[in-house]
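# Descriptive analysis of the structure
Here are the chains, one letter per residue:
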Amino acid sequence: MREFVFTLAYDSGTNAVADVLSAAPDTRIRSLSCHVSAKHLWRVDHITGSETVRDDIVAAVTDGDYYPDCLARRDCEADWQTQVLDESGDTLVIYSYWTRTPSCMSIPHLALEHFGDGLIFETTWTERQYEWRVIVPGSPEFSTFHDDLTAEIADTTGVEIRRITNSPASPKHDIDEQKPALSPEQDAALRAAVDAGYYQSPRAAEAYELADRLGIPGSTFAYRLRRAEAQLALAYADTGRSDTANDDSG
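Residues numbered from 1 in each chain as written. Predicted model: local features only at pLDDT ≥ 70, side-chain atom pairs only at ≥ 80, totals over all residues. Heavy atoms only, no water.

## What to know about helix α6 (residues 207-214)
Where α6 is concerned, the buried positions are Leu 210, Ala 211 and Leu 214. Along the long axis of α6, the arc covered by the buried residues comes to 105°, so they all point the same way. Turned more than 90 degrees away from the buried face of α6 sit Tyr 208 and Asp 212, all of them exposed. Within two residues after α6, Gly 215 carries a phi angle of roughly 70°, on the positive side. (Buried < 20%, exposed > 50% of the residue type's maximum accessible area, 1.4 Å probe, protein only. Helix = DSSP H or I, 4+ residues; strand = E, 2+ residues; numbered from the N terminus. Arc of directions from axis to C-beta.)

Listed below in structure tokens is the structure:
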């Protein structure tokens, strides 16, 4: 697999979210998951910062003339929805779902067109710097993708390449390298549990409290959390078996 890391730097007035973040240097948006199909984009994002700034970001995502990830920078008449999944302390978790129209384009959709399925996206947005990390199966070339991306956003910003590597640099036992494909709902439940101290001893929060924060029934939260835990456990066990099989130490 190959990794492509690049940054977009939006000028003033070209992206509503960037305008909000530029006035709040301590605020950050980090993707917890980002998935794409030919006609849809859905993602879960973790926002840290003051309550006022978080509310402004949600408003910018919800009420803008176009979805913030749309590269077209015009009203594409696309439908999207944003829902707050969790809010506690200085953090906010939001879920967004975008239905694409023929005139819409996004980085995940452009990557899907160039590289096909099996892509992993990670994003971090601070001030006007929107960094994307795209992991692609196989050994593709990125030059055509880079050229098409540059052409799509030429009116508002440029693309700064940070690195291109043949495989993501991570520790040998980093479970993220074998990261299971959690659904957005499972991902949100697991993140909420970790952030709230559910796995501490003693527990800082109970399952029913987390369900209330997410606005879902307790049974639904428990099911999503169990499914997420099961997939992580299986991925960890598979990694351990693989490492043992490759160990020649006797």
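## Observations regarding the side chain of Arg 100
Note on placement: Arg 100 falls in the loop between β5 (91-99) and α3 (107-115). Using a relative accessible area of 18% as the deciding quantity, one classes Arg 100 as buried. Here the side chain of Arg 100 touches Ala 38 through a polar contact of 3.3 Å, landing on its backbone oxygen. Within the structure, Arg 100 has its side chain in polar contact with the backbone oxygen of Cys 104 (distance 3.1 Å). Discounting chain neighbours no more than four positions away, the residues touching Arg 100 are Ala 38, Lys 39, Met 105, His 109 and Glu 113. (Polar contact = N/O pair within 3.5 Å; in protein donor to acceptor, adjacent residues only side chain to side chain. Contact = heavy atoms within 4.5 Å.)

## Structural notes on the side chain of Thr 14
On the secondary structure map, Thr 14 appears in the loop between β1 (2-9) and α1 (16-22). A distance of 2.6 Å separates a polar atom in the side chain of Thr 14 from the backbone oxygen of Asp 11.

Coordinates in, geometry out; function isn't part of it.
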